[in-house]
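Single-letter residue listing:
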Amino acid sequence: MKANIEDKRKAIMDAALKLFTERGFHGTSTAQISKEAGVATGTLFHYFPTKEDLINNLYFEVKADLSRTMVKDLEPQVNFKDRLKKIWDNLVRWGLDNYNEFLFVGQFCNSPYISNFTREEVMKEYVFLHKLVDDGIKNEEVKELPSELVIAMFYQNSRTLVDVISACGPSCNENKFIDDGFEIVWNGLVKN
């Protein structure tokens, strides 16, 4: 029985992700989500009392998956640049492999539909990145900039790169683009 419950919840989340990225929040009705998920509208409201609850749950789950992916195979004993490069590689590859999720995060990261509680909970998932950037600044490995600015620029540049590689398709050298993209970011951060 539990598997069926999780299957319905996942179907609703998957349908919402697809439709929100295609049509936006206002362009997507709960009836459309239910139809796409293959469940009754009442079933959707059983799991998510409002459309805002659905979007907040979806945002939290997608951002949590992204944060887990960013630290995958991260070796704390390597130098700052190599750790930042590994996070960059993981972030960009996650965006390429999970393009709808990547679009959703970009579309809703500053949305008024994401509650302050959800934002605060999501930020707990990214403490590692703030600590890494703060350590890099403290150890004078990167310019003394507000860590929020560094992280925002890091993320926005990764979004641009994912879009460029996605538009380029199979003809581009994905690894070279990822490496070159990191060098652009690194050159903007490193102390001269």
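Values in this document were obtained by computation on a predicted structure and should not be read as measured data.

1. Re unusual backbone geometry
Notably, Asp-73 is not glycine yet its phi reads approximately 60°, a positive angle. Here Asp-73 is to be found in the loop between helix H4 (51–70) and helix H5 (80–97). The exposure class of Asp-73 is exposed, given its relative accessible area of 56%. Despite not being glycine, Glu-140 has its phi angle at roughly 60°, a positive value. Counting through the fold element by element, Glu-140 comes out in the loop between helix H8 (127–138) and helix H9 (147–168). Judged by its relative accessible area of 58%, Glu-140 is exposed.

2. Some details on the UniProt feature "DNA-binding region" (unreviewed entry) in the protein chain
Using the residue numbers shown here, the UniProt feature "DNA-binding region" (unreviewed entry) corresponds to residues 29–48. For residues 29–48, the end-to-end C-alpha separation is 13 Å, with 75% helix and 0% strand making up the annotated structure.

3. Quick word on helix H2 (residues 30–37)
Those residues of H2 lying buried are Thr-30, Ile-33, Ser-34 and Ala-37. Down the axis of H2, the buried set is contained in an arc of 100°. They therefore lie on one face. Once H2 finishes, Gly-38 follows within two positions and takes phi at roughly 75°, a positive value.

What counts, and at which threshold
- Here the residue numbering is sequential within each chain, running from 1 through the sequence in written order.
- Selection of residues for local features in this predicted model requires a pLDDT of at least 70, selection of side-chain atom pairs for listing and counting requires 80 or more, and totals for whole chains, interfaces and linings are taken over all residues.
- Neither water nor hydrogens contribute to the side-chain values; these are computed over all heavy atoms in the structure.
- Helix and strand definitions here come from DSSP, where helices need a minimum of 4 consecutive H or I residues and strands a minimum of 2 consecutive E residues; each element is numbered from the N-terminal end.
- Burial status follows relative accessibility: with a 1.4 Å probe on protein chains alone, a residue under 20% of its type maximum counts as buried, one over 50% as exposed, and anything between as partly exposed.
- UniProt positions are given in the numbering used here, feature names are shortened, and annotations may be inferred rather than shown by experiment.
- The directions from the helix axis to the C-beta atoms are what the arc is built from.

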